[in-house]
Amino acid sequence: MVGPRCYHPTMEQPVIALVGRPNVGKSTLFNKLTRTRDALVADFPGLTRDRQYGVGRMGPAPYVLVDTGGLGEPDDVTYHHMQRQAMRALDEADVILFLVDARTGVTPGDETLTRELRQRGKRVWLVMNKIDGVDPAMAAADFHALGLDTPWPIAAVHGRGIQQLMTAVLEDHCPALIAAAEAVEAADADAEEAPDRPIEVAIVGRPNVGKSTLVNRLIGEERLLVYDMPGTTRDAIHVPFERDGQAFTLVDTAGVRRRSRVKASIEKFSVVKTLQAIEAAQVVIMVLDARQEISEQDAHLIGHVIEAGRGLVLAVNKWDGLETGARDRIRRELDVKLGFLDFARPRFISALHGTGVGRLLEEVAQVYRAAHKTLPTPQLNRILAEATEAHQPPLIRGRRIKLRYAHQGGRNPPAIIVHGNQTTALPSAYRRYLVNRFRRELGLWGTPIRLELRTGE
Ligand code: GDP
Ligand code: GDP
């Protein structure tokens, strides 16, 4: 099953779907793998609420995880509806993890699902969950009746067997993936400010906010035609362009794809493609529509960009012809709903007329440079000393938390490692204070900063 996406490990991550009856432990496994409870729920128009999307990592190799939601037992009235939804998610998947419950043994629902999955001809891994407190060998024997491979035993809730399972799945799906991802990560870590290297940009946002219009504005119609080739729908697309001497590469955007199939102009928003684009990019342009309310999904998408450690540029589009009242409204809304985003300033643009688009790209380049900046150790230590002097860390059981010295731990996103005593007890408000201080002094705008605290030496 070595597919084309193996050749571009940073471009399109494998999509792994979790299926199984309700209560077998899909969401428990999902949360363990994505380490988040704030999953992207696909309640964008045209999609269902039942599915959850997230990004998991095996070392540096990311993959997109889809929890298909519960598939009812066959006599359940909602079965057929839910099944259709879940099956649609399976069409997007490269690999299917079929979860069963070691404690209940084979059920009629498992059998129905097995038949459904067989018809789809995709690689199915049978995963037997909840092996804690049961005899795995005996439980496995029961599932042989399904006629699938030997089940992989796991206990999702305790994290048992998960690492082994995911290693096997990813290595089987694409043996080169992990090595290639490591190579890319190493190259990224080494990359100093390199203005001649193309900056990889993704444009994301909800449907109709103006992504395609912006893509056209950036690369022009005639260049788009070059990419308007059949057979490119599944493969990741890289579109190079240049602005003021700076080279950019547009990664995997729905906008590019849509134009290649003019008739399918109402292509559905795909959470999977959005997550893949965020992973593949160095800087993400998140597009909002000034004529629509900022939604929870917008905030979630931004949260994902931050979690992925990508640089972020916020473009508020359709600014043309807006009344002052409407402009004030969106400004207030940005403050209220995206207040957590304190490191990226919104840019007001009109993709249609091109207003503000040049500035937007300048900002992309600035954010890229900030994310790759070298942070000299003496400077970091000076900032740390000034910060702790201006505002001491608190006492913990009578002893003051000490933050002694700092150095850079990585780039893209910038990582700062701070050594001290009792650092695990440092309150999150103080962490935020430190991050803000480093950001301000070092000019690290537009990029998340990873602050790592270490105790000892
Ligand atoms: P889903 O409906 O398939 O998403 O299942 P959930 O993840 O909601 O899990 C259903 C129940 O099974 C919850 O009460 C979980 O705590 C429990 N559960 C999940 N994984 C395990 C496991 O490995 N061992 C045990 N004993 N319980 C588990
Ligand atoms: P996408 O779904 O995010 O790719 O959105 P499109 O690029 O297809 O744009 C959706 C609609 O918004 C189209 O009718 C565009 O013409 C319109 N649109 C896009 N950008 C602008 C803009 O800057 N100003 C105005 N007034 N309309 C825009």
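Everything below is about the structure shown above.
Residues numbered from 1 in each chain as written. Chains lettered and ligands numbered in written order. Predicted model: local features only at pLDDT ≥ 70, side-chain atom pairs only at ≥ 80, totals over all residues.

> Let's hear about the site of ligand 2: which residues, and what values?
Taken together, 15 residues form the shell around ligand 2, and within it Gly210, Lys211, Ser212, Thr213 and Leu352 come nearest. Among the elements that make up the shell around ligand 2, the one with the highest residue count is helix 7 (residues 211-219) (three residues). Of the residues in the shell around ligand 2, the class split is four nonpolar, eight polar and three charged. (Near = placed C-beta within 6 Å. Helix = DSSP H or I, 4+ residues; strand = E, 2+ residues; numbered from the N terminus. Nonpolar A, V, L, I, M, F, W, Y, C, P; charged D, E, K, R; others polar.)

> Residues and numbers for the environment of Ile162, please.
With respect to the secondary-structure elements, Ile162 resides in helix 5 (residues 162-173). Residues Ile162 and Thr377 lie 215 residues apart in sequence; the distance between their C-alpha atoms is 38 Å. Dropping the residues within four chain positions of it, Ile162 is found in contact with Lys32, Ile154 and Ala156. (Contact = placed C-beta atoms within 7 Å.)

> Give a detailed account of the nonpolar core, specifying residues and quantitative values.
If you look at soluble globular proteins, the nonpolar side chains tend to sit buried side by side. If you look at the biggest cluster of nonpolar residues, it comprises 103 residues, and the most contacted ones within it are Val201 and Met286. Other than its neighbours up to four places away in sequence, Met286 contacts Val204, Gly205, Leu301, Ile302, Val305, Leu312, Leu314 and Ala315. (Core = buried A, V, L, I, M, F, W, Y, C linked by C-beta atoms within 7 Å. Buried ≥ 20, exposed ≤ 12 C-beta atoms within 10 Å, placed from the backbone.)

> Explain the sheet that holds strand 16 (residues 402-410) residue by residue, including any values.
Taken together, the three strands give an open sheet; going across it, the order is 16-17-18, and neighbouring strands pair in mixed fashion. The open sheet has two edge strands, strand 16 and strand 18 (450-455), and neither has a second partner. Neighbour to neighbour, the strand axes of the sheet diverge by 25 degrees on average, direction disregarded. Relative to strand 18, strand 17 (residues 415-421) runs parallel, the two being bridged by six bridges. Its bridge partner being in strand 18, Ile417 is matched across the sheet by Glu452. Packing of helix 14 (residues 377-390) onto the sheet brings it into contact with strand 16 and strand 17, and relative to strand 16 it is tilted by some 145 degrees. (Pairing = 2+ DSSP bridges. Axes fitted to C-alpha atoms, helices over the stretch in contact; angles between N-to-C directions.)

> Describe unusual backbone geometry, listing the residues and the values that go with them.
Between Asn412 and Pro413 the backbone carries a cis peptide bond, its omega angle lying at 5 degrees. Tracing the sequence through the fold places Pro413 in the loop between strand 16 and strand 17. Of note in this structure, Asp244 is not a glycine but carries a positive phi near 50 degrees. Along the chain, Asp244 falls in the loop between strand 9 (238-243) and strand 10 (246-251). Of the residues examined, Asp244 has 8 C-beta atoms within 10 Å and is grouped as exposed. A positive phi angle, close to 45 degrees, is found at Arg397, a residue other than glycine. Assignment of secondary structure puts Arg397 in the loop between strand 14 (395-396) and strand 15 (399-400). On the neighbour-count criterion, Arg397 (6 C-beta atoms within 10 Å) is exposed.

> Could you give an account of the site of ligand 1, naming the residues involved and the relevant values?
Taken together, 16 residues sit near ligand 1, with Gly25, Lys26, Ser27, Thr28 and Ala155 positioned nearest. It is helix 1 (residues 26-34) that provides the largest number of residues to the shell around ligand 1, a total of three residues. Of the residues contributing to the shell around ligand 1, the split by class is five nonpolar, eight polar and three charged.

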